Amino acid sequence: MSRDVPMYSDDDQPLTARPGHSGQNGHVAQNGNSWVGGESSLSQDEEIPLSQVSCTNSEPVTPDVRALKRKKAVADDSSSDEGIPLASSPAKSIASAATHMNGACAATPTPTPVANGKKKIVNGVKAEPASDAAGGGDDDDDDDAPITKKKRVNGHAKSKPPRKKVKTEDNDQRLCDDSEDDKPIVKKAPAKGKRKLKEESDADEESFADDDKPLKKPRAKKAAPNKRAKKEESSVTVSKAKRKAVKAEAEDGEATPKKGKKKKEEEDEVFRWWEQEDPNGDGTQKWQTLEHNGVYFPPPYESLPSHVKMKYAGKPVDLPPDSEEVAGFYAALLETDHAKDNTFNKNFFDDWLKVLRKYPPRTNTKITDFSLCNFRPMWEYFEEEKAKKKALSSAERKELKAAKDAVEAPYTHCVLDGRKEKVGNFRVEPPGLFRGRGDHPKKGALKYRVRPEDITINIGEGVPTPKPNMPGKWKDVIHDNTVTWLANWTENVNGNYKYVFLAAGSSIKGQSDMSKFEKARELKKHVDRIRQDYTTDLRNRAMLDRQRATAMYFIDRLALRAGNEKGDDEADTVGCCSLRCEHVTLQPPNQLVFDFLGKDSIRYYNQVGVDEQVYKNIRIFKEGKEDDDQLFDRVHTSLLNKHLASYMKGLTAKVFRTYNASITFQQQLDQGTPEKGTVQEKLNAYNHANRMVAILCNHQRAVPKTHEQSMGKMREKLRGFKYERMKLRHALFTIDSKFKKKKEYRDDESDLDDDAIAEHEEQMKAKEREKAEKKFQKDNEKLADDGKDPQEESVLKAKFDEIEAEFKRLKKERGTNKAELKRDRPVEKIEEAIEKLDEKIKTFKLQMEDREAGKEVALGTSKINYLDPRITAAWCKSHDVPIERIFSKTLLTKFPWAMEVDSEWKF
């Protein structure tokens, strides 16, 4: 990530290091000693690689490190959140030991308490553009995960998939910062939203369905009495379809016919599970009754028109539907980077040839060479169809959406313990090509169409078995109330299990979230002891203990993921425990350079100063090894998590990541929020704190392709504000020339010279003409609906002439320092308008600076998964910031339990 990202706000400036502390790396005290007391250097014996030193006590003799070869680590199956959640601990001020990465923002050093009472400074870390990759390979587990144990249900065995392949919702809830649902919403009552779980690692970002928004009863249109009969006689119109959809939803308890009752009704619908005596349950039984309609399968493939065919060696090829569908998957991606990737092309072509052998071309064409395939005709057809959809009127789009919603309505909710709850990802993913992330070896492989025979349904005993919306029977129907998934199946590309869970705002998911953050808060009671122990073990004569302590140092200080070893058919992503020697470089006197592909193949690059003993340990661990040998050859995630669990029930490496993110966020907010600032200044401080956490967790991203375009539009808007202010000033000068001498009015607006004014007025004129034309067309459509004759073109021409005359007048005013307003206003009103514009310009500049500062950082992931939402809720209350400016409707629905805290609450 680039170091030269501009910082505009004072709140974005890095805080200075505390006196007596190193601001360079944040780990070494001023006296140069290690951050925990004791000898800072090894004895003569300790300098020898420990594999050559006889072990004491009962430690088994280990083979020579030089002889060790790379081994696969045992899969981590102990990072679940299962068990009774720990009680909330009293909030106390404990600084994070996590290290920030250099990059988009300068790091903010924070003091760190240690075992011997000394304090250190947290340093910054350099990160490459990416999203969530501080370590890799240890997918977050969930206590919803099935286990391999079989049970007897109704006389037959039921099996659950292995736990280690669980794809959890916590891990899947990743939002691109630019996603529409991650943007703050205008202040309104929180709506009970529906969240679609991301299930494929190749999905670029989580998306939420449009039907999250509650339907509203359409306003009745006023019509003349003589036209009412005509409207009633029309066949299916958009307004009728919409009314019908709204009525159906209202009968189903979803619609809110009257806006005034919306908030109350929604509040009545919310099950306030967090007020129960045991909100997190007993860790075993999750529900008593469960009824749902299964999953929604995508519609069958429809063949392309007969004139649309791919070409092979320049000749059209007549493909059967099954082969044509797969060819269409590739054709749709023809102008993307995927189609330029050799691995993607090879995997697609290999899988397509298998389909072609089963469903060969009707023209008996033998397709053997990928370079002779021309998918352009199919791509052009798809582009034409996209353009047609784009050209649909608003009414037509609403009609299509209403029809789609009506078909999917039975699958959007389930009945859990007598309550109606939203289902998250009820749609089965359609077939397509696996895209993967980064350099995934299987990208381009064909994802098969999922059928009922592939899916296991989980429902309550004695309830009707749902019927699939396509021919076929379920693979199995089970009744397991110890898990919260409604359905699962195995995808064919990576062999991962896919699950249908309840929506993010459901009571069960809320309990899981609350338990996760309470467990992170509980870590505050134990973190000092854990740090003291692993710091002592950095000098332990037993190699296993020394490696484990060093790995824990990295997980705590750098917020690395634990990481598991990957197979040859998976992307080469690593985490802390699976680091190889090539991933860590030593730079004297105490610098380590980390460079590896983390989760989702996102590059993690970080140069950081470490304690002297940690530096020595890494040198010892690397001695006699090849680049592709394991750095920690005696440590794996299950062993590490088992050790952590000895300090606190349910403690895993993942909890450290959540703890360090939340405690750092709390500290940044406490230090950087201006008490008397404007709302926008406080929002900038909030986003700055969020960015620091995102950098810490390596939630980086490439600069969005639309960033420059977006910033250009914002600059144009800012210029419009300045132009408006200039005209108001000139109007004052026209009224009374004495205003020219006033300090607040005499200076011209910055970046607004004659050329800029001329360009802006031309843009204004073009927009006015476009606006007039749209209004003319809309008025004619309305007249046609009412059976009246449309307006003549002369009406539009007259409007254009008015616009031309107005802008000719504005052109004459240029350079005169005089202006005539469209309507007369008293001096007081003009001065008041200038004052409001000044405030608007100041706020808008802050927004621009905030967007520019965050262009390489993804804030959504930390906000959803790593930051305790109660921190945000309490901060908003104590600083009078509307929480709707920070949390989208979806997040408000996801975290209703967090909104109850008071303004004094601390993590």
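Here the structure is a predicted model, which is why all the values come from computation and not from measurement.

Engineer: For this particular structure, what's the right way to read the overall build of the chain?
Structural biologist: Check the secondary structure of the chain and you find 23 helices and 19 strands. Put simply, the chain has 907 residues, and 52% of those count as buried. Long-range pairs, those at least 24 residues apart, make up 76% of the contacts in the chain between residues at least 6 apart in sequence. Taken as a whole, the chain presents about 43600 Å² of accessible surface, with 49% of it coming from carbon and sulfur.

Engineer: Hey, could you run me through the packing of helix α15 (residues 679-696) against helix α20 (residues 827-853) in this one?
Structural biologist: The axes of two packed helices give the description: the angle between them and the distance between them. Between α15 and α20, the shortest axis-to-axis distance is 10 Å and the interhelical angle comes to 5°. Between α15 and α20, the interaxial angle falls into the category roughly parallel. Residues Q680, E681, N684, N687 and R691 of α15 form the contact with α20, whose own contacting residues are K842, T843, L846, Q847, D850 and A853.

Engineer: Where do I start with the pattern of salt bridges in this structure?
Structural biologist: Here the idea is simple: oppositely charged side chains can pair when their charged atoms come close. Applying the stated criterion across every chain yields a total of 53 salt bridges. A salt bridge links R619 to E623, with the nearest nitrogen and oxygen atoms 3.8 Å apart. A residue is classified by how much of its surface remains accessible, and R619, at 30% relative accessible area, is partly exposed. The class for E623 is partly exposed, based on a relative accessible area of 27%. Where R809 meets E806, a salt bridge forms, and the shortest distance between an N and an O atom there is 2.6 Å.

Engineer: Sorry, what's going on with the environment of R529 here?
Structural biologist: For R529, the position within the fold is in helix α10 (residues 527-537). Expressed as a C-alpha distance, the spacing of R529 and Y647, which sit 118 residues apart in the sequence, is 8.7 Å.

Engineer: Looking at this structure, I do not really get the UniProt feature "active site" (unreviewed entry) in the chain. What am I missing?
Structural biologist: UniProt records the feature "active site" (unreviewed entry) at Y866, using the numbering of this structure. Within the secondary structure, Y866 sits in helix α21 (residues 860-866). Polar side-chain contacts of Y866 include one of 3.2 Å to the side chain of R657.

Engineer: Looking at this structure, how should I read the sheet that holds strand β7 (residues 315-316)?
Structural biologist: Backbone-to-backbone hydrogen bonds pair the strands of a sheet. The strands run either parallel or antiparallel. The strand order across the open sheet formed by 3 strands is β7-β6-β8, and the pairing between neighbours is antiparallel. Edge positions in the sheet fall to β7 and β8 (373-374), since each has one partner strand and no second. By the bridge criterion, 2 bridges tie strand β6 (residues 311-312) to β7 in an arrangement that is antiparallel. Looking at the pairing, K311 lines up with P316 of β7.

Engineer: So what exactly am I meant to see when it comes to the sheet that holds strand β16 (residues 497-500) here?
Structural biologist: Spatially, 4 strands are ordered β14-β13-β15-β16 in an open sheet, and the strand pairing comes out mixed. Since the sheet does not close on itself, it has two edges, and those belong to β14 (476-478) and β16, each with one partner. Across the sheet, the mean angle from the axis of one strand to that of its neighbour is 20°, orientation sign disregarded. Bridge analysis of strand β15 (residues 487-490) against β16 gives 4 bridges, and the strand direction is antiparallel. Across the sheet, W489 pairs through a bridge with K498, a residue of β16.

Engineer: Would you mind going over the environment of G860 with me for this structure?
Structural biologist: One can find G860 in helix α21. Exposure remark for G860: the relative accessible area of 0% places this residue in the buried category. Separated by 161 residues in the primary sequence, G860 and H699 have C-alpha atoms spaced 8.9 Å apart.

Engineer: What's the story with the pairing of strand β9 (residues 413-416) in this structure? I'm lost.
Structural biologist: The side chains of a regular strand alternate, residue by residue, between the two faces of the sheet. Pairing geometry for strand β5 (residues 290-291) and β9, over 2 bridges, is antiparallel. Looking at the pairing, L290 lines up with L416 of β9. The hairpin formed by β9 and strand β10 (residues 419-422) contains 2 residues between the paired strands, and D417 there has a positive phi angle of roughly 50°.

Rules and cut-offs
- Residues numbered from 1 in each chain as written.
- Predicted model: local features only at pLDDT ≥ 70, side-chain atom pairs only at ≥ 80, totals over all residues.
- Heavy atoms only, no water.
- Helix = DSSP H or I, 4+ residues; strand = E, 2+ residues; numbered from the N terminus.
- Buried < 20%, exposed > 50% of the residue type's maximum accessible area, 1.4 Å probe, protein only.
- Contact = heavy atoms within 4.5 Å.
- Areas by Shrake-Rupley, 256 points an atom, 1.4 Å probe, with all protein chains shown as cover.
- Axes fitted to C-alpha atoms, helices over the stretch in contact; angles between N-to-C directions.
- Parallel < 35°, antiparallel > 145°, perpendicular 65-115°, else oblique.
- Salt bridge = Lys/Arg side-chain N within 4 Å of Asp/Glu carboxyl O.
- UniProt positions renumbered as here; feature names shortened; annotations may be inferred.
- Polar contact = N/O pair within 3.5 Å; in protein donor to acceptor, adjacent residues only side chain to side chain.
- Pairing = 2+ DSSP bridges.

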